[in-house]
Amino acid sequence: MDILPQAISDAVLLAGLYTLMAVGLSLGFGVLRIINFAQGEMIMLGAYGAFWLFTLLGVDPLISLPVLVIAGFALGWVIFSGFIAKVLDAPHINQILLTFGLGLAIQHIAIILWTGNARSTQPAYATSSSLIGDVLVVHGRLVAFAVAVVMVVALIAWLRWSETGLATRAVAENRGAATLMGIDTRKIYALSFGVSCALSAATGVVVSFILTITPFVGFPMLVKAIAIVILGGLGSITGTVIGAVVLAFGETFASYYIPDGSGWAEGIAFVLIIGILILSPRGIRGQAVETQ
Amino acid sequence: MRHRSNSILFAGLAVLAIGAIPASAQDVFKIGAPVSTSGRYVAYGAQAKNGIDMAVEVWRKVRGDKVAGRSIEVLFRDTQSNNAITVSLMNGYIQTDKVDVIIGPDGSNAAAAAVPPWKKSENRPIWIMPGGSSDVIEKEVGPDPYFFHTYAWSYYYHESNMKAFKALVGSGKKVALVYSDGAYGRAHVDDARRYIKEMGYDLVADELVREGSADFNPTLTKIRARRPDILYVAVQTNDAIQLTKQIQAARLNIPYLIGTAQAQLPEWQDAVGDSQNCWTGVTTWVPGLSYAADKKEPKLFPSAADWEKAWREKFKAVPEFLEVGYYASTILALLAVEATKSTDREVLRKWLEEQQYQTPVGDSKFEKSRIALHQAFGEMIVFQRQKKAGGAFESVLIYPAQIATGKLQACTQ
């Protein structure tokens, strides 16, 4: 049996998950110039939200998705207003410490509330699959891919064609000029941070049925998301998609074609990323980033 | 003359003072109980604490508030599921609190972290460990006379699993092994391979997976191509949950699925739902065991059924394997002090080596394991998760034959 079609299928589906995981971080950085180290915990909260709605009320994760996206947006707005807004002009190290501390606090609250037990939702599509020729497609992964496509297309559409989206891009490109044009930058920041957290909540919903939920699930995802965003180029949505594709294909092909490759896959993928960054230090589609 | 009387007076006071210190210390029997009541292993810590609490409560009900004239003090301290804190707790128990016995900590990671501070101490107390299975701990502790392991070592899992399958389906089958690259998988893989081969099976796939991997499908695709009869999985619980669901989705058509520790955990059972069907696992204890009460101490060690009933009444929950292990270990420590009227480690060691009770988790007699001098409660039961008529799952005991409650079923996917 030729495993190439299966490897490509697995890699494409994984790339969808990775894109969804990283795109919120990319948006947040592109506009606010802050890497949100609590982004992984937003994913974790989304996953727990889906889990509890599924377990207590029997709500399918896909039905709970819009509710949790709105909740994620609201939480993001609150976090921005209560914390992030206070360090917008502070040194980067303060911003890093704040978001990192927020992430740790959220993680520990989750442990206190829900214990460290591993959990998962079990909608029927999570464990069903179809054979297309010799290629096995797991429905849960296909659903995750579809969610990623819908969310990323919606994000791009919002940024391109809506008034607030255009304002967001203006702020991302030149904060000073945007202010002079009468754009309320503080509001745009809050909006972007909210959208970024909403995307993470959506990722969490997907994670709830294809991975394992614990209060610690966010951090490894944050690490991968940062790698993807740096690879793709800080602040570029298209670059993030490309970065996710590179990481997913790197991991999957290493797993298939190298002996014991599943154990080495992440390492090999990260070596690939380092190689690309040596050749192109700004990432694949990076933009210049002002530093203080 | 006056000078001499003063000297005698001071000497007398000194003797009284010296005598007074050990007298007050002797009034208390101190148990150091490092438990993970917060952090990643909080579920294990809660079980450990419940087991000790229940043991002390039963002791007080049956024998009164004291043991050999001493009050009982259990120093529960939270490891926070953190190895550095566990080290600090162990130092505190030994150097500052001067506990007589340590029971715990729960889980292999914390238990492994607790070894160096205990081992380096000259005056280390008796250490009873009902919660660590990694044989790395056994190697680090070595043949220490004061160490008493009251749970199965990791290699017992594989020996029991493969003995069961040899007895139930015969040898000569093809086995695919999946293990993770973390501490859990590495601790298990060598013995899993060893017993698979020793019992006459053909290891057709031997696949390493990354702990916390986002996708196990590449590994499963490779395994499908080898068409094994048995899939043997040695990964920790988080990965086992995702892997179990992916195995069901992958439609591998493998007749037998063998797990290690995860299949006995409600955490895994709840998280995987219907995907748990047909998985076999090993444990030292499951609800419904038919162990009789101890003849000498029937109130402290009732039959497994009566103990389970009492537990359900108190906690309104099904007891877990760690809970019964901690219960039996704590009662043994209390019996040791009462029988010897001493907290001296040499005296306690000797008594523990010689005792034998029938507890709700099995025979308490300590035997030698590969390296450790004292090993009890390591006898393992092999069970299979089977879906019953009402749709609920239960653990059907399939091995050893004398306690079996049902038959091994081949998986249909």
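Residues numbered from 1 in each chain as written. Chains lettered and ligands numbered in written order. Predicted model: local features only at pLDDT ≥ 70, side-chain atom pairs only at ≥ 80, totals over all residues.

Novice: Please clarify how the overall build of chain A should be interpreted in this entry.
Specialist: Scanning chain A from N- to C-terminus turns up eleven helices and two strands. Helices and strands in chain A line up, N terminus first, as α-α-α-α-β-β-α-α-α-α-α-α-α. Expected size for 292 residues packed as a compact globule is a radius of gyration near 19 Å; at 19 Å, chain A falls within 12% of this value. Summarising its shape, the C-alpha atoms of chain A cover approximately 60 × 50 × 35 Å along the three principal directions. When each of the 292 residues of chain A is scored for burial, the buried share is 55%. Summarising the internal contacts of chain A: among those between residues at least 6 apart in sequence, 76% fall at separations of at least 24. (Helix = DSSP H or I, 4+ residues; strand = E, 2+ residues; numbered from the N terminus. Rg over C-alpha atoms; globule rule 2.2 N^0.38 Å. Buried ≥ 20, exposed ≤ 12 C-beta atoms within 10 Å, placed from the backbone. Contact = placed C-beta atoms within 7 Å.)

Novice: Is there a simple way to think about unusual backbone geometry in this case?
Specialist: Residues and elements named next belong to chain B. For the bond from Gly104 to Pro105, the omega torsion is 0°, close enough to zero to count as cis. Examined against the element boundaries, Pro105 turns out to sit in the loop between β4 (101–103) and α4 (108–119). Residue Tyr399 is joined to Pro400 through a cis peptide bond whose omega torsion reads 0°. Relative to the helices and strands, Pro400 is located in the segment after β15 (393–399). Even without being glycine, Lys341 reaches a positive phi, approximately 55°. Mapped onto the elements of the fold, Lys341 is located in the loop between α12 (321–340) and α13 (345–354).

Novice: Can you walk me through the sheet that holds strand β11 (residues 279–283) of chain B in this structure?
Specialist: What links the strands of a sheet is backbone hydrogen bonding, and the strands pair in either a parallel or an antiparallel sense. All names here are of chain B. The seven strands are arranged β8-β7-β9-β10-β11-β14-β15 in an open sheet whose pairing can be described as mixed. Lying at the two open borders of the sheet, with one neighbouring strand each, are β8 (202–209) and β15. Each neighbouring strand pair of the sheet contributes to a mean axis angle of 25°, computed without reference to strand direction. Note: strand β14 (residues 381–387) against β15, six bridges, orientation antiparallel. Bridge pairing links Gln384 to Val396 in β15. (Pairing = 2+ DSSP bridges. Axes fitted to C-alpha atoms, helices over the stretch in contact; angles between N-to-C directions.)

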